[in-house]
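Coordinates in review
Now for the letters of each chain:
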Protein chains: 2
Amino acid sequence: MSKNKIARLFAVRRIVNKYVIASQEELLNKLQQEGFKATQATLSRDIKELKIAKVPNPETGYQYVNPEALENATFKNFDPSVVGGTGIRSLAYSGSLAVIKTQPGYASVAASLVDSNHVGDIIGTLAGDDTVLLVIREGVDREFITNRLAVIFPDIRNLLL
Amino acid sequence: MSKNKIARLFAVRRIVNKYVIASQEELLNKLQQEGFKATQATLSRDIKELKIAKVPNPETGYQYVNPEALENATFKNFDPSVVGGTGIRSLAYSGSLAVIKTQPGYASVAASLVDSNHVGDIIGTLAGDDTVLLVIREGVDREFITNRLAVIFPDIRNLLL
DNA sequence: CGAACTATTGCATAATTTTGCACCGTGTTT
DNA sequence: AAACACGGTGCAAAATTATGCAATAGTTCG
């Protein structure tokens, strides 16, 4: 396997994880911005090799996602407004971390909700009993993260510390 | 929603569950065998509505899968050449933190592996269910950390996001 | 080194999927 | 009853994705 290909495959995974990519053309653009040289045909093969799936996404039409993201996915159409309160008490940022405080016992629920929503720029979550730690990709705007979280927890903006 | 459509949507889900469907044409055939009357265009819309994903499948090329099926069997065991057998799924950095995602339940195993290897520049680890947070000493090079982790998880470099 | 293989990729094209538009059927309002 | 609103669908075209083939780069073996 050529060095070039290996590097490109990594980049594809990273980009798919970080951005909402709706088409191979779009992925191609991102790759070219990073200096990679390839064609859509090659990406089609890369995607097949990496087992990256194309899934419908209500907001953007479609989205490519890495296989390990799918394994955890609960694609159940979860509507928090139906469930009532989400147990969230506050949201605060520090550096590239966000901390969500919840009602006691609700942290893991909140964390898995975040996980299953595939926010690419949240690279990991850790839940205690009443606290969820979110690790955010460097350089990502907090406002953007808040917006994404607001999709999951509609009232979270009111709880921003 | 017309009665027809409802029945068809259920049938689509059932068929996708039961057979390995590689294209919408194929799905259309199955539906027609059951007496449904539709066109491929309609199926494209149904698939979008049902959030059925198109994923690469080593045997048949591609396969449509129901969203909740993704949680369970189908993808649990994907190509080890892409992923590897340590339960590790990805590694990402942000600031002085590293996040390792694992198969569900593997996080504490991974964390104790890291702990027992005494990487001095990893000043602490925290494990959830499928996420390990590594706190890294300030100023330490990520490449160095990755190298040390690669001793424990040989293929982790392939999983760097 | 050179021949023989193998892997990778672009190009062109085929195959597949998505979508704009028009139309139809059903239910609702005036 | 006529006019209207709306979801659902087919048709055809656009958009996107997959792939056969040939050229090139990289590897292995004698």
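Before going further, it helps to examine the sheet that holds strand β6 (residues 131-136) of chain B. Residues and elements named next belong to chain B. If you trace the four strands from one edge of the open sheet to the other, you get β3-β4-β6-β5, paired in antiparallel fashion. Both outer strands of the open sheet, β3 (88-94) and β5 (122-127), are each paired with one neighbouring strand and no more. Between one strand axis and the next, the sheet turns through 20° on average, direction left out of account. Judged from the five bridges that link them, β5 and β6 form a sheet pairing that is antiparallel. Within β6, the position partnered with Thr125 by the bridge is Leu134. In the packing of helix α4 (residues 107-116) onto the sheet, contacts are made with β3, β4 (97-102), β5 and β6, and the angle to β5 comes to roughly 165°.

Let us look at the environment of Ile136 of chain A. Position of Ile136 of chain A among the secondary structure elements: in strand β6 (residues 131-136). The buried category is assigned to Ile136 of chain A, whose relative accessible area is 4%. Sequence separation of Ile136 of chain A and Asp121 of chain A is 15 residues, and the distance between their C-alpha atoms is 5.8 Å. Discounting residues that sit within four places of it in the chain, Ile136 of chain A has contacts with Tyr93, Ser96, Leu97, Ala98, Asp121 and Ile145 of chain A together with Ser94 of chain B.

Okay, the protein's contact with DNA strand C next. Near DNA strand C lie 21 residues; those nearest to it are Thr42 of chain A together with Gln40, Ser44, Arg45 and Tyr64 of chain B. Here the atoms of DNA strand C within 4 Å of the protein split so that 60% fall in sugar or phosphate, with bases taking the remainder. Lys5 of chain A has a polar side-chain atom sitting 3.5 Å from a phosphate oxygen of DNA strand C. The separation between a base oxygen of DNA strand C and a polar side-chain atom of Gln40 of chain B is 3.4 Å. Contributing elements (two or more residues each) for the surface near DNA strand C: α1 (3-18) and α3 (40-50) of chain A together with α3 (40-50) of chain B.

Criteria and thresholds
- Residues numbered from 1 in each chain as written.
- Chains lettered and ligands numbered in written order.
- Predicted model: local features only at pLDDT ≥ 70, side-chain atom pairs only at ≥ 80, totals over all residues.
- Heavy atoms only, no water.
- Pairing = 2+ DSSP bridges.
- Helix = DSSP H or I, 4+ residues; strand = E, 2+ residues; numbered from the N terminus.
- Axes fitted to C-alpha atoms, helices over the stretch in contact; angles between N-to-C directions.
- Contact = heavy atoms within 4.5 Å.
- Buried < 20%, exposed > 50% of the residue type's maximum accessible area, 1.4 Å probe, protein only.
- Near = heavy atom within 4 Å.
- Polar contact = N/O pair within 3.5 Å; in protein donor to acceptor, adjacent residues only side chain to side chain.

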